[in-house]
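Structural characterization, general
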Amino acid sequence: MSEQRFKSFVIVGAGATAGIPIVKAFLAIGAPILVIARPTSKNTSALPADDPNLKVVRADYTSASEISAILREHKVDVLISTVSLVFGGVVGQNVLADAAKEAGVKLFVPSEFVYAKSIGLPTLRVFNGLFIEFVPWLTALADTGKFHIVNKGETLRSFTAVADVAGYVAHILTTQPPSRLLDVEIHIEGQRATFSDIAALYKGSVPVVHCDALPMEGVANAPFRTIFQKHVGRGGGSCGWNPVTESDDPVSASRDNSLWEGHRWLTVGEVLGL
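To keep things clear, this report deals only with the structure shown in the data block. On a predicted model such as this, the values are computed, not experimentally measured, just so you know.

Now for a nonpolar patch on the surface. Together, Phe134, Trp137, Phe224 and Phe228 line one region of the surface with nonpolar side chains, adding up to about 350 Å² of accessible area. Here phenylalanine 228 is to be found in helix α10 (residues 222-236).

Rendered as structure tokens:
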């Protein structure tokens, strides 16, 4: 007897980076989705106003009882959170986990999963490496007109387009049996490349700068970007990286791509228009 697939989905944190693309990916395949937005959020203006599969409600993300009531009302199977981890998002994840647990949600797809696992809430973690769209930001190209590579830039890492991640999440949540998704880690990869490989795609149209740290002047959050580049330079940017053995497995990096049968993954060059 086949397993009953998940039927009811909600997303919290429908921001422009990942949340809105995931919502649109669900709508593109005709899957109903509920969006819980903050009372003051304007991000929902980017969503279609007349799609019958879309419903938007507003709630206080800091209130577990308020979120839980919404989840129970809509009999939600899967809660997806794309709440940012940068500005207090970890605390927000804990609130959402508590709300999901109380409401009987069957699967939590969070940005941060340690707390959710500690309270016995089934989770699905998707590892996709670096969003390709973030490359100009991470290298300060968007700020300075120069492609900055911290250290040598010769470490292979995983890059995946936002559209591919969004489409993948919508696809597996609506097609895979729950037993394939509960308390597992999913590893996907659009393209495997180094920063030096990507710099070469510009074919000399922008200066390439190798440095120990990104410039401070005119580059917001430069120390964070530098630390992030160093982290991925040590191997942490690959979805096949094992922090225990400090080794990288290229096969493991894209081991779950096959769950989206027949899909052609976007390349770095296609996404960046190179």
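Let us now look at the side chain of histidine 171. Here histidine 171 shows up in helix α7 (residues 162-175). On the basis of relative accessibility, which here comes to 17%, the residue histidine 171 falls in the buried class. If sequence neighbours within four positions are ignored, histidine 171 has contacts with Leu259, Trp260 and Glu261.

Bringing the sheet that holds strand β7 (residues 130-131) into the picture now. Within the open sheet, the 3 strands sit side by side as β7-β9-β11. Their pairing is mixed. The outermost strands of the open sheet, each flanked by one partner alone, are β7 and β11 (191-193).

Here the focus is the packing of aromatic side chains. As enumerated under the stated definition, the model contains 11 aromatic pairs in all. Ring plane angle 45° and centroid distance 5.9 Å describe the contact between tyrosine 168 and tryptophan 265, whose orientation is recorded as tilted. Here tryptophan 265 lies in the loop between α11 (250-253) and α12 (268-272) and tyrosine 168 lies in helix α7, a separation of 97 residues in the sequence. The buried category is assigned to tyrosine 168, whose relative accessible area is 0%. Exposure remark for tryptophan 265: the relative accessible area of 12% places this residue in the buried category. An angle of 85° between the planes, with centres 5.9 Å apart, marks the rings of tryptophan 260 and tryptophan 265 as edge-to-face. Residue tryptophan 260 shares its accessibility class with tryptophan 265, and that shared class is buried. These aromatic residues form a ring-pair network of at least three members: Phe131, Phe134, Trp137, Phe224 and Phe228.

Our focus in this paragraph is α7. Its 14 residues give α7 an end-to-end C-alpha distance of 20 Å, which sits within 8% of 20 Å, the value for a rise of 1.5 Å per residue. Burial analysis of α7 places 11 of its 14 residues in the buried class, which makes it a mostly covered element. Among the residues of α7, Val162, Asp164, Val165, Ala166, Gly167, Tyr168, Val169, Ala170, His171, Ile172 and Leu173 are the ones counted as buried.

Further remarks concern the nonpolar core. Membership of the largest hydrophobic core comes to 37 residues, with the highest contact counts inside it found for Phe26, Ile80, Leu124 and Leu173. Take this core: its biggest share by element is 8 residues, from α7. Setting aside its immediate chain neighbours within four residues, isoleucine 80 contacts Val10, Ile11, Val12, Ile22, Phe26, Val109, Val169 and Leu173. With 21 residues, the next largest nonpolar core counts Val10, Ile36, Val76 and Ala99 among its residues.

Conventions adopted
- Residues numbered from 1 in each chain as written.
- Predicted model: local features only at pLDDT ≥ 70, side-chain atom pairs only at ≥ 80, totals over all residues.
- Heavy atoms only, no water.
- Patch = residues over 30% accessible without salt bridge, like charges linked within 9 Å, V, L, I, M, F, W, Y side chains within 5 Å.
- Areas by Shrake-Rupley, 256 points an atom, 1.4 Å probe, with all protein chains shown as cover.
- Salt bridge = Lys/Arg side-chain N within 4 Å of Asp/Glu carboxyl O.
- Helix = DSSP H or I, 4+ residues; strand = E, 2+ residues; numbered from the N terminus.
- Buried < 20%, exposed > 50% of the residue type's maximum accessible area, 1.4 Å probe, protein only.
- Contact = heavy atoms within 4.5 Å.
- Pairing = 2+ DSSP bridges.
- Phe/Tyr/Trp six-rings, centres within 6.5 Å; stacked < 30°, edge-to-face > 60°.
- Expected span 1.5 Å × (residues − 1).
- Core = buried A, V, L, I, M, F, W, Y, C linked by side-chain atoms within 4.5 Å.

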